[in-house]
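# Structure at a glance
Listed here are the chains, written in short residue letters.
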Amino acid sequence: MNIPGDLKYAKTDEWVKVDGNVATIGITDYAQSQLSDIVYFEFKVDPGESVKKGGTAATVESVKAASDIIFPVSGKVVELNDAVADEFEGINSKPYETWFLKVELSNPADVDALMDAAEYEKYCEERGH
Amino acid sequence: MFIPHTDSEREEMLKEIGIGSLDELFTAVPKEFRFPKLNLPPALTEMEVLAELTELSSVNESTRELMCFLGAGAYNHYIPAAVDAIIQRGEFLTAYTPYQPEVSQGTLQAIFEYQSLIALLTGMEVSNASHYDGATAAAEAAVLAYHHFRGKRSRIVLSPAVNPQYRAVLRTYMSGYAGLEIVGDEAANSPFTTIEELAKLVDVNTSLVVVQYPDFFGRIQDLTAFAQKVHEAGALLTVVINPTALALLKTPGEFGADIVVGEGQPLGIPMSFGGPYLGLFATKKELVRKIAGRLVGETEDANGQRGYVLTLTAREQHIRREKATSNICTNQGLMALASAVYLSLLGKHGLRQVAELCYHKAHYAAEKIGQIAGFEVHTDGPFFHEFVVKTPAPVADINLHLLDHGILGGYDLGKDYPGLENHMLIAVTEMNTREEIDTLCEVLQEYNHG
Amino acid sequence: MAEPTIYEISSEGRIGVRFPEPDVPRTDLPAGLERTTLPLPEVSELDVVRHFTHLSQLNFSIDGGLYPLGSCTMKYNPKINEDIARLPGFAFTHPLQPAETVQGNLALMYELQEYLKEISGLAAVSLQPAAGAHGEFTGVMIIKAYHDANGQTHRTKMLVPDSAHGTNPATSAMRGYEVVSVPSDSRGNIDLAALKELCSDTVAGLMLTNPNTLGLFEEHVVEVLDLIHGCGGLVYGDGANLNALLGVARPGDIGFDVMHFNLHKTFSTPHGGGGPGSGPVGVAEHLVDFLPGPNVVIAEEGSEDEAPLFDLAMPAQSIGRVKSFHGHFGMILRAFTYISMYGAEGMRQIAEHAVLNANYLLAKLHKTYHVPYDRICMHEFVMEGVFEDAPGVHALDIAKRLMDYKFHPPTNYFPLIVHEALMIEPTETENKQTLDQFAEALIKIAEEAHTQPDLLHSAPHITPIGRLDEVKAAKELVLCCWYPEQD
C-alpha cells in the first residue's frame, strides 16, 4: 500500500497536497484498489464555485462500485484537471500523480484536521483487506 | 397446487433439521400473530379455475367482438402468432434478470437487439432495456433532467398535448423535488396551444421541455425549429412518441431531441386492459450515464468470443443505493423481447406497411365522418392515425349508441380537458377494415337522425 | 459459437410478415415529414423463429433447473397462468373501455385487492404499481403525504437497515428523504439500542423487510414497531420475503402501516428475464385515503341475484397516479389464478414448505460452509462463500462453478453485511431430490476449493460462454449492434 509521506489524507480516502494557499486533491492507492478498474469519471463542480468540506467534488465509477470524491477542505475551486475525464486509467496506475482539482483554501485549519501518512496507514490497517 | 412433498419426505427432512413438526419452524413469530385464519375461498383445481375464469372473461366485451376505434395511449394492432410462441418459451418466460451472464446470453442478446432496434427506430443513439410504461418513462426523463442540471434549474415546460396520464405521473414523480414548477399545460390553457406559444415559456431556468409526436390529438408537425429554441435556452427536449408512427415519419432524433420516450405496447403487446406494457427510453450518447434502468453492452470472454453483459451497473440501485438517481430494478424484460420479435418479424417493409394502413384508413375515416351533418372533424393539419371529432351530443351518449351496434367508440376528451366536452378522439389502425369504418359512419349518421 | 445478431442475419429485400393492401383510397403523406430510411432488419419469419429459439437455448430458467436466488422467490410459474392471461375476453380489452363493458376485469381486480388485504391484514390495496421498487416508491410517497397532511413536515429522515435491498435507500432518496442506516446485531436482528438512539421527531419512518435479507424473522419486531410508532413515525414493510409469511403471520396484524407485494415473487407470475413484475401496495386504515389511483370500488352493491357494479375511483387524498391505466392487469390475472388454486390452507402450506426446504438445505450445508447467524431460518439463508484454509477462493468462484453442476448460482454479495455472501432460497416448489443434488454439488465444490481451486477460478466450463470482460463492456460501451453508416 503506497502512502507518500509528504501528503495529507482524509477519512474518505482523498489525498491533499498543499502549496501555499492551494490544495491539490486526488484519491489514494487504497481507494483505487477498492474500486478496481475505473471506467468513468465525472466532475460535480465547476471552476470558480465555492465548496464546503464534505461536499461532492466528483463521481468515479468502476464495474463494482460508484464512489463520490468528497472535498476534504473548504474553499473555491480554481482548477479542474480536465485530462482526467478522458484518461482515467491513470487514477488506478498512478493515483498520486493523477490530481482531480485544485482548491483555494478558505480555512487553512481544515488541512491540520487531516491525517498524516502514519495515521492514514493505521486507519487503512484497521479497516482490513 | 405445486408443492411436491410427500408425507415421508417431509418426515425425513424434519429429522435432518432436528425438529418434530412444521410448527416448530415458526417459533420466532410472536404467538399472538401466529397462524391467522385467512378468509379466502376454498382452493380450486386447475380445471375449476379455468372454468370459473373463462366465465368471468365472457362477462366482458372485448375487441374480438367489438369494432375498436378507441386509442388514446393503447392501440389495437395485429400481433403475429410467432411473437407469442417465442415469449412463451420457458427459457425466456421463466428466466430471471441476467445478473449471471454466462447462463443468460439469450436474454442479454435479445435485450441488446431490442436496444438497437429502438435506438434506430427513434433516430437516437442509445436505448435502455425498458421502463414500466410510457408514462413512467416520461417521468424518469424529468428526473434525469433535474439531476443533469444538479437541481439548479427548476422549471419544466409541458405541452398540454402530451397524454394527460403521462403529465399526471410526471407530476407525482416530481412532487418530491422542492421548488420545482411545471408549466405549459394548465387547465386554463387551450389544449391546442401551438408549440410556438409553448416556446415562449422556455427560459434559462428550464431543465426540460416535453412535447408529444404524434400528440395526444393525433397531430404531427416538424419540431426542428422548436428544438432549436429549446436548446438556445440550454434545456433538454423530450419527445413522447408512438413507435408505429415512426415507421412513416421523420424521427425525433432528426429534429434534435435529447430524450425520446413512449409507449411500446403497439409493438406486439396485447392491450390486456392496460398492462403489462413497455416504456421506451432512448437518448443522445452524452446522456447515457444518466439513464435510469438497465443497459446491456457488448463484450468478450477470455477466448475472444462475443457476449453480452449488463453494464454501467454502478448507476443502479443495487450498487449506488441512496445515490442512485432512480430505484428501478425489475423492468419489462419479456415485453421488450416481444417488441424485438415483432419488429424483426415485420422488419423494414412490414412496419412501414402497418403505419401506412393506419394512416390511410384514418384519413378515409376522417373524410367520411366530416361529411356527416352534426359531426365536425376538428383536426386541421397533418395527423397520423388519430383525429378529433366535435360531436352533436355528449360523447358518452354517442358511445352508448355505438356499443349497441357492436362498436367501441373513441375517447371522451372532455374527461381530461375542460374546454373539450363533446369532442371525441377516434383512432384507426390496420385492424379496422373499410367495412368497419363504413359501419361506424352509418351508425353515427343514424344517431344524428334518430 | 455465438449466435449472430438479427441485423447480421438480415438480407436486403427479404420480407417477413405481410399485411393486406389498403382497402381505402390513399392519402398523400405530409410534406417534409416523411421518413426516408427505416433501418429495421429484413428477415423471414423462419429466420426470426430460429434466431430467438437459438437465443432461448442459451438461457438458464426455472423450467430448466433450480434457481435458488435469495429474495427473488424463483418458484414454478404455473402454465395455467399463461392460458388464463390469454383468454380473449381478458387479453383483448382496452383499458379505457366503459366500465359496463369490462365488469369481468373489474370484478377480478376487486377480488385480488380483497385477497391481498386478507393475506396481509391491511385495510386497502392499490394494484397500480408496476414492480416492487415502484411499490416502494408509492409507499414512501404515501408516508410523506400522511406526514405532510398532519403538519409533520420536519420529518426528513428515513431509517433503513444496513441489510436492506438497494431499492430501499434509492427509493427514499428519490422522495427527498435523508437516508439513515440502522445497524444489525449479532443475531441478525435490528440493533434495538441503535434504533432507540435514532428515533426522534425528525424520523418519517423505517423501511423494514421481514423476514429480513438474512432470511431471519425479526425477533423483536414488536419492539421495533413500537419504537418507531412511539416517535411518530410509520413503518414500511418490504414484501419481497412474504413467501415465508403466507398464512403464518400478517404484517397488518403486527403493526406495519404500509407494504408492497411482489406478485412476480410470492404469487408466481413469471420473471420474464427481468420483468414485467407487479408491485401492489397495501395500507393500514389511517393511510387508506392516500393510496394512488384509480382503484376498483363497488359503485352499486349487488344482491342475491345480481353481481355488484364495479368502477374505478381515486382515493380522497390520493398521492396521484403512479402509472398509466390501472396496473399490470396481465400479472394481476395470473396472481389471482394462483391464489384461487391454493385457498387459505394452501397459503400456509406454501410458507411451511418454503421454510422447510430452506432449513433442510441449511442443515445439510452448515457444517461445510460458515453460516454467520445460527438459528432457524425462514425461506432463505445466507452463508459465506470463503474458507479460511482455502485462500483465494471467493463466493464468485463458487457461484460460477455451480453452473458446471447445472444449477443457477444463488444471489451473491448481498446482503452487504455478510462477507462473501451466498443467499439461498429454494422455494416450496422444489422437491427433496433436487435439494439433495444441490447440497451435494455445494459440498463437492467446497472440496474442490481445497484440492483443485483452479477449477473454481476458471469456472464455468460448460456454459455457452465463459466469464465476460465487464471492464471492457463499461469502457467501450457498445450498446447498439448496427449503425446506419455501415450500410
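Residues numbered from 1 in each chain as written. Chains lettered and ligands numbered in written order. Predicted model: local features only at pLDDT ≥ 70, side-chain atom pairs only at ≥ 80, totals over all residues. Heavy atoms only, no water.

Residues and elements named next belong to chain C. With domains assigned, chain C is organised as domain 1 (80-341) and domain 2 (344-471). Once you take the C-alpha centre of each, domain 1 and domain 2 turn out to be 30 Å apart. Across the boundary between the two partners, domain 1 contributes 29 residues, which contact 22 residues of domain 2. The interface formed by domain 1 and domain 2 includes 1 salt bridge. In this structure, the salt-bridge partner of Arg375 is Glu219, at a minimum N-O distance of 3.6 Å. Seen at the junction of domain 1 and domain 2, the total is 8 residue pairs in polar contact (both at pLDDT 80 or more). In terms of residue class, the side of domain 1 that touches domain 2 is built from 13 nonpolar, 12 polar and 4 charged. (Domains from an automatic or database assignment. Contact = heavy atoms within 4.5 Å. Salt bridge = Lys/Arg side-chain N within 4 Å of Asp/Glu carboxyl O. Polar contact = N/O pair within 3.5 Å; in protein donor to acceptor, adjacent residues only side chain to side chain. Nonpolar A, V, L, I, M, F, W, Y, C, P; charged D, E, K, R; others polar.)

All names here are of chain A. Read from one edge to the other, the open sheet built from 3 strands follows the order S4-S6-S7, with strand pairing classed as antiparallel. Where the open sheet ends on each side, the last strands, each with one partner, are strand S4 (38-43) and strand S7 (66-70). In this sheet, adjacent strand axes meet at a mean angle of 20° when their direction is disregarded. (Pairing = 2+ DSSP bridges. Helix = DSSP H or I, 4+ residues; strand = E, 2+ residues; numbered from the N terminus. Axes fitted to C-alpha atoms, helices over the stretch in contact; angles between N-to-C directions.)

All right, on to the sheet that holds strand S4 (residues 203-209) of chain C then. All names here are of chain C. Pairing is mixed in the open sheet, where 7 strands are placed in the order S1-S7-S6-S5-S4-S2-S3. Whereas interior strands pair on both sides, the edge strands pair on one side only; in this sheet they are strand S1 (124-126) and strand S3 (178-182). Going from strand to strand, the sheet's axes swing by 20° on average, the running direction of each strand aside. Sheet analysis places strand S2 (residues 157-161) next to S4, joined by 3 bridges and oriented parallel. Residue pairing for S4: Lys157 is matched across the bridge by Val203. Against the sheet, helix H5 (residues 132-149) makes contact with S2, S4, strand S5 (234-238), strand S6 (258-260) and strand S7 (281-283), and its axis sits at roughly 175° relative to S5, the strand it touches most. In the packing of helix H8 (residues 221-230) onto the sheet, contacts are made with S2, S4 and S5, and the angle to S4 comes to roughly 160°.

Time to look at the interface of chain C and chain B. Listed as interface residues are 198 residues of chain C and, on the opposing side, 183 residues of chain B. Both faces considered, chain C and chain B share a buried interface measuring about 16,600 Å² in area, 66% of it formed by carbon and sulfur atoms. If you sort the residues of chain C by the area they bury against chain B, Phe19, Arg35 and Leu479 of chain C come out on top, with a joint share of 5%. Summed over the shared surface of chain C and chain B, the result is 10 salt bridges. (Buried area = accessible area lost by both parts, 1.4 Å probe.)

With that settled, consider the pairing of strand S8 (residues 279-283) of chain B. All names here are of chain B. With 5 of 5 residues buried, S8 lies mostly within the body of the structure. Alternating residues of S8 divide into Gly279, Phe281 and Thr283 and Leu280 and Ala282, and every residue in both groups is buried. Note that strand S2 (residues 126-127) and S8 share 2 bridges and pair antiparallel. Within the sheet, the bridge partner assigned to Val126 lies in S8 and is Thr283. Across 5 bridges, strand S7 (residues 259-263) lies against S8 in antiparallel orientation. Within S8, the residue paired with Val260 across the bridge is Ala282. (Buried < 20%, exposed > 50% of the residue type's maximum accessible area, 1.4 Å probe, protein only.)

Take the interface of chain B and chain A next. Taken together, the contact between chain B and chain A spans 11 residues of the former and 17 residues of the latter. Buried area between chain B and chain A, both sides added, is near 940 Å², and the carbon and sulfur share of it is 40%. Remark: the boundary between chain B and chain A carries 3 salt bridges. Across the pair Asp46 of chain A and Arg150 of chain B runs a salt bridge whose closest N-O atoms are separated by 3.9 Å.

Right, let's talk about empty space enclosed by the protein for a bit. Residues and elements named next belong to chain B. One pass over the structure, following the stated rule, counts 12 cavities of 30 Å³ or more. What the largest cavity holds in volume is close to 170 Å³. Gly73, Tyr75, Gln212, Ile241 and Asn242 are the residues nearest the centre of the largest cavity, which is lined by 16 residues in total. Size it by volume and the second largest cavity reaches roughly 80 Å³. (1 Å grid on protein atoms, 1.4 Å probe; cavity = no way out; pocket = protein on both sides within 12 Å on 5 of 7 lines; lining within 4 Å. Points joined across faces, edges and corners; volume = space filled by probe spheres on them.)

Below, the discussion takes up the side chain of Asn399 of chain B. Mapping Asn399 of chain B onto the fold places it in helix H13 (residues 395-404). With near-sequence residues (within four places) excluded, Asn399 of chain B lies in contact with Gly409, Gly410 and Met424 of chain B.

Further remarks concern helix H4 (residues 103-120) of chain C. In an α-helix, one turn spans 3.6 residues, which is why side chains three or four residues apart end up on the same side. Between its first and last C-alpha atoms H4 of chain C spans 26 Å; for 18 residues at 1.5 Å apiece the expected length is 26 Å, and the two agree. In terms of burial, H4 of chain C is a largely internal element, 15 of the 18 residues being buried. (Expected span 1.5 Å × (residues − 1).)

All told, the structure shown has 30 aromatic pairs over all chains when counted by the stated rule. Aromatic side chains Phe41 of chain A and Phe43 of chain A sit 4.9 Å apart centroid to centroid with 85° between the ring planes, which places their arrangement in the edge-to-face category. No difference in accessibility class separates Phe41 of chain A from Phe43 of chain A, as the two residues are buried. Residues Phe383 of chain B and Phe387 of chain B carry aromatic rings whose centres are separated by 5.5 Å and whose planes lie at 50° to one another, so their mutual orientation is tilted. By the burial criterion, Phe383 of chain B is buried, and Phe387 of chain B matches it. (Phe/Tyr/Trp six-rings, centres within 6.5 Å; stacked < 30°, edge-to-face > 60°.)

By size, the foremost hydrophobic cluster in this structure holds 111 residues, and its most contacted members are Leu112, Phe267 and Met347 of chain C. The biggest single contributor to this core is helix H11 (residues 343-365) of chain C, with 11 residues. Residues from two domains meet in this core; each of domain 1 (80-341) and domain 2 (344-471) of chain C gives at least three. Setting aside anything within four residues of it in sequence, one finds Phe267 of chain C in contact with Leu116, Ile119, Leu242, Leu246, Phe261, Asn262, Ala335, Tyr338, Ile339 and Met347 of chain C. Ranked by size, the runner-up nonpolar core spans 104 residues in total, among them Ala129, Ile220, Ala247 and Leu267 of chain B. (Core = buried A, V, L, I, M, F, W, Y, C linked by side-chain atoms within 4.5 Å.)

A word on the pattern of salt bridges. This model, assessed by the stated rule, comprises 47 salt bridges over all chains. Linking Glu102 of chain B and Lys400 of chain C is a salt bridge whose minimum nitrogen-to-oxygen distance equals 2.9 Å. Taken together, the positions of Glu102 of chain B in the loop between helix H4 (90-93) and helix H5 (105-122) and Lys400 of chain C in helix H12 (residues 395-404) put the pair across two chains. Among the salt bridges present, the one from Glu82 of chain C reaches Arg334 of chain C, with a minimum N-O distance of 2.8 Å. Taken together, the residues span a long stretch of sequence, with Glu82 of chain C in helix H2 (residues 79-85) and Arg334 of chain C in helix H10 (residues 329-340) at a distance of 252 residues. Given a relative accessible area of 2%, Glu82 of chain C falls into the buried group. Relative accessible area serves as the criterion here: at 9%, Arg334 of chain C is assigned to the buried category.

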